[in-house]
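Survey of secondary and tertiary structure
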Amino acid sequence: MSSNQYHLSQDSIARAEASLRRGDVQEACAAYADAARAQEQFIVALPPEKVRTRSTYGLSAATLYLRADLLDEAERLVCSLLADQRVEESIRAELRDLF
């Protein structure tokens, strides 16, 4: 993950968790969405041979979309990842479990 995407993702997750502690669910969802988008941008830019990295960050991004209550985005990403036969089988099972 590029340094910028990594920091954006981590900062957004921290902001989401802080928002949840304050009871601000709307802000938490927005922050989780920011983190998911940063991680998805990262996996889209990966070279095809980075299978493990794409698998792991793909699962993470899909989970963050769910936390953001963006079910269509999560489903789109999960379907895309499941259609890619290079995604590791253990991650494929976890992706199926999300839905």
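Preceding block: the structure.
Residue numbers here run from 1 along each chain, matching the order of that chain's written sequence. pLDDT decides what is reported in this predicted model: residues at 70 or higher carry local features, side-chain atom pairs at 80 or more are listed and counted, and totals for whole chains, interfaces and linings draw on all residues regardless. With hydrogens and water stripped out, all remaining heavy atoms of the structure feed into the side-chain values.

Notes on the overall build of the chain
Quick reminder of the rule: Here a strand is any run of E in DSSP of at least two residues, a helix any run of H or I of at least four, and the numbering for each starts at the N terminus. Restricting the calculation to C-alpha atoms gives the radius of gyration, and the globule rule supplies 2.2 Å times the number of residues raised to the power 0.38. A simple rule labels every residue: compare its accessible area, found with a 1.4 Å probe on the protein chains alone, to the largest value its type can have, and call it buried under 20%, exposed over 50%, or partly exposed in between. By definition, residues are in contact when any of their heavy atoms lie within 4.5 Å. The method behind every accessible area is Shrake-Rupley, applied with a 1.4 Å probe, and residues are considered shielded solely by the protein chains displayed. Charged residues are defined narrowly, with Lys and Arg counted positive, Asp and Glu counted negative, and His plus the chain ends left uncounted. Charged groups are reduced to one reference atom each: NZ for lysine, CZ for arginine, CG for aspartic acid, CD for glutamic acid.
Helix and strand counts for the chain stand at 5 helices and 0 strands. When the helices and strands of the chain are listed from N to C terminus, the series reads α-α-α-α-α. In summary, the chain has a C-alpha radius of gyration of 13 Å against a globular reference of 13 Å for 99 residues, a match within 12%. Of all 99 residues assigned to the chain, the portion counted as buried reaches 38%. If you take every contact in the chain between residues at least 6 apart in sequence, the share linking residues at least 24 apart comes to 52%. Roughly 5700 Å² of accessible area belongs to the chain as shown, and the carbon and sulfur atoms make up 51% of that amount. Put simply, the chain has 12 plus and 16 minus side-chain charges, and the middle of one group is 4 Å from the middle of the other.

Observations regarding the packing of helix α3 (residues 51–67) against helix α4 (residues 71–83)
Helix packing geometry: the angle between the two helix axes and the distance between the axes. The condition is simple: Helix axes are fitted to C-alpha atoms over the stretch in contact, other axes to C-alpha atoms as well, and angles between N-to-C directions run from 0 to 180 degrees. By the definition adopted for this analysis, an angle is roughly parallel if under 35 degrees, roughly antiparallel if over 145, roughly perpendicular if from 65 to 115, and oblique otherwise. Handedness of a crossing is defined here by the sense of rotation of the near helix relative to the far one, left-handed for an anticlockwise turn of less than a right angle and right-handed for a clockwise turn. Amino acid classes used here: Ala, Val, Leu, Ile, Met, Phe, Trp, Tyr, Cys and Pro are nonpolar; Asp, Glu, Lys and Arg are charged; the rest, including Gly, are polar.
In contact at an axis separation of 7 Å, α3 and α4 are set at 160° when each is read in the N-to-C sense. Between α3 and α4, the angle falls in the class roughly antiparallel. Where α3 crosses over α4, the handedness of that crossing is left-handed. Taken together, the residues of α4 that come into contact with α3 (itself represented by R54, G58, L59, A61, A62, Y65 and L66) are L71, E73, A74, R76, L77, V78, S80 and L81. Residues of the contact of α3 with α4, tallied by class, amount to 10 nonpolar, 2 polar and 3 charged.

Quick notes on the pattern of salt bridges
Heads up, the condition is: Salt-bridge detection follows one rule: a side-chain nitrogen of Lys or Arg within 4 Å of a carboxyl oxygen of Asp or Glu.
This structure, assessed with the given rule, holds 10 salt bridges. Salt-bridge contacts for D84 lead to R54; the nearest nitrogen and oxygen are separated by 2.9 Å. Residue D84 is located in the loop between α4 and α5 (89–98), and its partner R54 is located in helix α3; the two are separated by 30 residues in the primary sequence. Look at D84 and you get buried, because its relative accessible area is 11%. Taking the shortest distance from any N to any O, the salt bridge between E73 and R76 comes out at 2.8 Å.

Some remarks on α5
The criterion, for reference: As used here, the arc belongs to the directions running from the helix axis to the C-beta atoms.
If you check which residues of α5 are buried, you get I91, R92 and L95. The arc enclosing the buried residues of α5, seen along the axis, measures out at 105°, which places them on a common side. Facing away from the buried side of α5 by more than 90 degrees, the exposed set consists of E89 and D97. Residues of α5 that are buried sit in contact with α3 and α4.

Brief notes about α4
Note the threshold: In this analysis, the expected span of each helix is defined as 1.5 Å times one less than the number of residues it contains.
The end-to-end C-alpha distance of α4, which contains 13 residues, comes to 18 Å, matching closely the 18 Å that a straight helix rising 1.5 Å per residue would cover. Considered for burial, the residues of α4 that qualify are A74, L77, V78, L81 and L82. For α4, the arc enclosing every buried residue in end-on projection is 130°, short of the 170-degree limit, so these residues lie on one face. Residues of α4 that are exposed and point over 90 degrees away from its buried face: D72 and A83. Against the buried residues of α4 lie α2 (25–45), α3 and α5.

Function cannot be read off these values alone, since they describe shape.
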